[in-house]
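Survey of secondary and tertiary structure
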Number of protein chains: 2
Amino acid sequence: MAVYTHLGAGELAELISHYDVGQLVSAKGIAEGISNSNWLIETDRGRYILTMYERRIDIAELPFFLSLLDHLAAKGCPVPATIHDREGNAYRMIDGKAVALIEFLPGVSVDAPTASQAYAVGQALAAIHRASEDFTMTRENDLRPSNWKDLLEQCTADDMSAIDPDLPDIIAAHLPSLMSSWPTELPRGTIHADLFPDNVLLLDDKVSGLIDFYFSCSDFLAYDLAVTHVAWSFVGSDTGFSAEISEAILGGYQSVRQLSADEIAAMPLLAKGAAMRFIATRTFDWIDTPADALVTRKDPMDFVKRLQFYDESGLTAFAPLSQ
Amino acid sequence: MAVYTHLGAGELAELISHYDVGQLVSAKGIAEGISNSNWLIETDRGRYILTMYERRIDIAELPFFLSLLDHLAAKGCPVPATIHDREGNAYRMIDGKAVALIEFLPGVSVDAPTASQAYAVGQALAAIHRASEDFTMTRENDLRPSNWKDLLEQCTADDMSAIDPDLPDIIAAHLPSLMSSWPTELPRGTIHADLFPDNVLLLDDKVSGLIDFYFSCSDFLAYDLAVTHVAWSFVGSDTGFSAEISEAILGGYQSVRQLSADEIAAMPLLAKGAAMRFIATRTFDWIDTPADALVTRKDPMDFVKRLQFYDESGLTAFAPLSQ
């Protein structure tokens, strides 16, 4: 959440001149995105988000992300289309860093969704799964079970115990079985893989934007639903499970794309895996981030609670599906 | 440059409902302001900046800052007017913190001004001096010479030497004489006191916004011109003095408000004082900020160079005035 690079008005105006978007009127660095710098750009013709890719993003992967946005936007999904420059490029380089101009979408992210909002989010997720059926590019998920193990192996037991004394045992109790029983045969497609509330823009009950596709990849569609379920069903004033939000997410999803029996049966395992994915990255980032750094570290224990919830409740956590 | 506090969509919508500005459409945390959190707010009726006062700002001083904006905006100066809530309040409280909604102004900040832009900035500065002649509220400058001394006395010689071995001697050579010869009788008024390029929004050669009035106070008008001169005349690809920009700032100012002979004679001293003011705060902040913090520390030595330049060149740095 930061602007890592300073771009002067001259650099911005020069950049904008390569696009058919009008004259620069305003540019504000915005606190959005985990590892990119972002500006809200206004011209005399409209508003745009300018993203500079700072870290974590491999430029070789940008065509996948940006083409996916174009593909989904062309099919009517509420995602920001990439603005191409006058030569047709989806991104340009400034001082060795890639920058892309994308549509600005209205809407705000909610902290505590209503059931109607959660239903709309489930629908929107299924809609991008259906709309990407004929998207031909692929990208391997670099946060699959073997990567969780790799990340956690870089953390010592002492480091993990400092976060919570029980954390090493909990990981040891769950990670091996998640890896050995992880599905291999579920329907695959292009997934968002990180559809947390802050990546969804809403106007009342309508999804006006799905954003931040920089974890998107080719993987099980039901895993994306599991990530979304883990991300939304515990949101709100307390962090307990909300059966109402859970049902709304699942109901919205199924209203657009019907899950198979195999996918339904796999949901508890996929949800535990989704929780472990965030335990792994949050534990790694926690240990990798100085305690006095200005970035807020995210507590992996939030997702330990969710993992344990899914472990205890099994298919009942997905009640409407299992009935 | 950060957003220190999270405000959820629900909190934002509730806040906005107290103002006659329409329905919330978008809210983006923006990387602007040194010690406040800021959001660019869009409603179905317009755009606004929401500021939450986090640190350094004493709530008791908010009426001065916000009333000054209203006063200047009403007189046609390009400053953001305060949006008052339905009960007429200029600010509201959220969780013990004050928030204010102000106008959004278009324009971008330049890194390297043209002479035309610098002329317009000089004009805009003089215009707020004239427009505030009948502004009746006052606020003591809490960064006047005695405060520079207080700040620097909190820094040890070792700490200062770590920034630059010459820094303690340079301060010792200049601070006492600045304090003893500081003027007492120059024309006073309401000054911005921090008119750096990032606090000026420009659309081509036109000043579209003067922002960030949170150092504004009652002090010598010519000191404000000196601060602006120090802030702008060394800006650009190298940090050497630009006689062209200097002349443009001074010429623009004088085209709106004529300096007295006493003010002109005092300019070299005031400019050295302005440089010392930034040396003092930057030295204090440098020592007060961990080297590994994510905020970029500003090097006080930039202003040591400017102080030495003014010391050596005297009135010739203000050539059009002294002729």
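Residues numbered from 1 in each chain as written. Chains lettered and ligands numbered in written order. Predicted model: local features only at pLDDT ≥ 70, side-chain atom pairs only at ≥ 80, totals over all residues.

**Quick notes on the overall build of chain A**
Counting secondary structure elements, chain A contains eleven helices and ten strands. Against the compact-globule benchmark of 20 Å for 323 residues, chain A has a radius of gyration of 20 Å, which places it among compact chains. Principal axes of the C-alpha set define a box for chain A whose edges measure 55 × 45 × 35 Å. Taking all 323 residues of chain A together, 45% fall into the buried category. Partitioning the intrachain contacts of chain A with sequence separation of at least 6 by distance along the chain shows that 71% fall at a separation of at least 24. (Helix = DSSP H or I, 4+ residues; strand = E, 2+ residues; numbered from the N terminus. Rg over C-alpha atoms; globule rule 2.2 N^0.38 Å. Buried ≥ 20, exposed ≤ 12 C-beta atoms within 10 Å, placed from the backbone. Contact = placed C-beta atoms within 7 Å.)

**Here we look at the nonpolar core**
Core analysis: the largest hydrophobic core is formed by 190 residues, its most contacted members being Ala222, Ala226 and Ala275 of chain A together with Ala222, Ala226 and Ala275 of chain B. Excluding its chain neighbours within four sequence positions, the residues that come into contact with Ala226 of chain A are Met267, Leu270, Ala271, Gly273 and Ala274 of chain A. (Core = buried A, V, L, I, M, F, W, Y, C linked by C-beta atoms within 7 Å.)

**Looking at the domain arrangement of chain A**
Residue and element names in this part refer to chain A. Entries for chain A in the domain assignment read domain 1 (9-103) and domain 2 (115-322). Summarising the inter-unit geometry, the C-alpha centres of domain 1 and domain 2 are found 27 Å apart. At the interface, 15 residues of domain 1 touch 18 residues of domain 2. When its residues are assigned to classes, the side of domain 1 that touches domain 2 shows ten nonpolar, three polar and two charged. (Domains from an automatic or database assignment. Nonpolar A, V, L, I, M, F, W, Y, C, P; charged D, E, K, R; others polar.)

**Some details on the packing of helix H4 (residues 145-153) of chain A against helix H6 (residues 167-181) of chain A**
Residue and element names in this part refer to chain A. For the pair H4 and H6, interaxial distance at closest approach is 9 Å and the crossing angle is 150°. If you check the angle between H4 and H6, you find them roughly antiparallel. Regarding H4 and H6, the two cross each other, and that crossing is left-handed. On H6, the residues that touch Pro145, Trp148, Lys149 and Leu152 of H4 are Ile171, Leu175, Leu178 and Met179. Tallied by class, the residues present in the contact of H4 with H6 amount to seven nonpolar, no polar and one charged. (Axes fitted to C-alpha atoms, helices over the stretch in contact; angles between N-to-C directions. Parallel < 35°, antiparallel > 145°, perpendicular 65-115°, else oblique. Left-handed = near helix turned anticlockwise from the far one by under 90°.)

**Structural notes on helix H3 (residues 115-131) of chain A**
In this model H3 of chain A runs 24 Å from its N-terminal to its C-terminal C-alpha over 17 residues, within 8% of the 24 Å that 1.5 Å per residue would give. Most of H3 of chain A is tucked away, with 13 of its 17 residues classed as buried. (Expected span 1.5 Å × (residues − 1).)

**Points about the packing of H4 of chain A against helix H9 (residues 261-288) of chain A**
All names here are of chain A. H9 packs onto H4 with a crossing angle of 30° between their chain directions and a minimal axis gap of 9 Å. As summarised for this structure, H4 and H9 are arranged roughly parallel, according to the angle between their axes. Note that H4 runs across H9; the crossing there is left-handed. Residues Pro145, Trp148, Leu151 and Leu152 of H4 form the contact with H9, whose participating residues are Gly273, Met276, Arg277, Ala280, Thr281, Thr283 and Phe284.

**Concerning unusual backbone geometry**
Residue and element names in this part refer to chain A. For Asp204, which is not glycine, the phi torsion reads 50° and is therefore positive. Checked against the element boundaries, Asp204 lands in the loop between strand S8 (200-203) and strand S9 (206-210). Exposure remark for Asp204: the 11 C-beta atoms within 10 Å place this residue in the exposed category.

**A word on the pairing of strand S1 (residues 24-30) of chain B**
Residue and element names in this part refer to chain B. Among the seven residues in S1, six count as buried, and that is most of the element. Pairing analysis gives six bridges linking S1 to strand S2 (residues 36-43), with the strands arranged antiparallel. Bridging from a neighbouring strand, Gly29 pairs with Trp39 of S2. (Pairing = 2+ DSSP bridges.)

**What to know about the pairing of S8 of chain A**
All names here are of chain A. In the sheet, S8 pairs with S9 via four bridges, with the strands oriented antiparallel. Counted as the bridge partner of Leu202 is Val207 from S9. In sequence, S8 turns back onto S9 through a hairpin of two residues, with Asp204 there showing a positive phi of about 50°.

**Describing the environment of Leu178 of chain A**
Residue and element names in this part refer to chain A. Residue position: Leu178 is located in helix H6. Here the alpha-carbon distance between Leu178 and Leu269, two residues 91 residues apart in the chain, equals 7.2 Å. Residue contacts for Leu178: discarding those within four places in its chain leaves Pro145, Lys272, Gly273 and Met276.

**Quick notes on the environment of Ala248 of chain A**
One can find Ala248 of chain A in helix H8 (residues 243-256). Taking the C-alpha atoms as reference, Ala248 of chain A lies 36 Å from Thr289 of chain A; in sequence the two are 41 residues apart.

**Observations regarding helix H2 (residues 62-74) of chain B**
Residues and elements named next belong to chain B. Here H2 contains 13 residues, and its C-alpha end-to-end distance of 18 Å stays within 8% of the 18 Å for a straight helix at 1.5 Å per residue. What H2 keeps buried is the set Phe64, Phe65, Leu66, Leu68, Leu69, His71 and Leu72. The inward-facing, buried residues of H2 abut strand S4 (82-83), strand S6 (97-103), helix H3 (115-131) and strand S7 (188-191). One or two residues past the end of H2 sits Gly76, with phi positive at roughly 90°.

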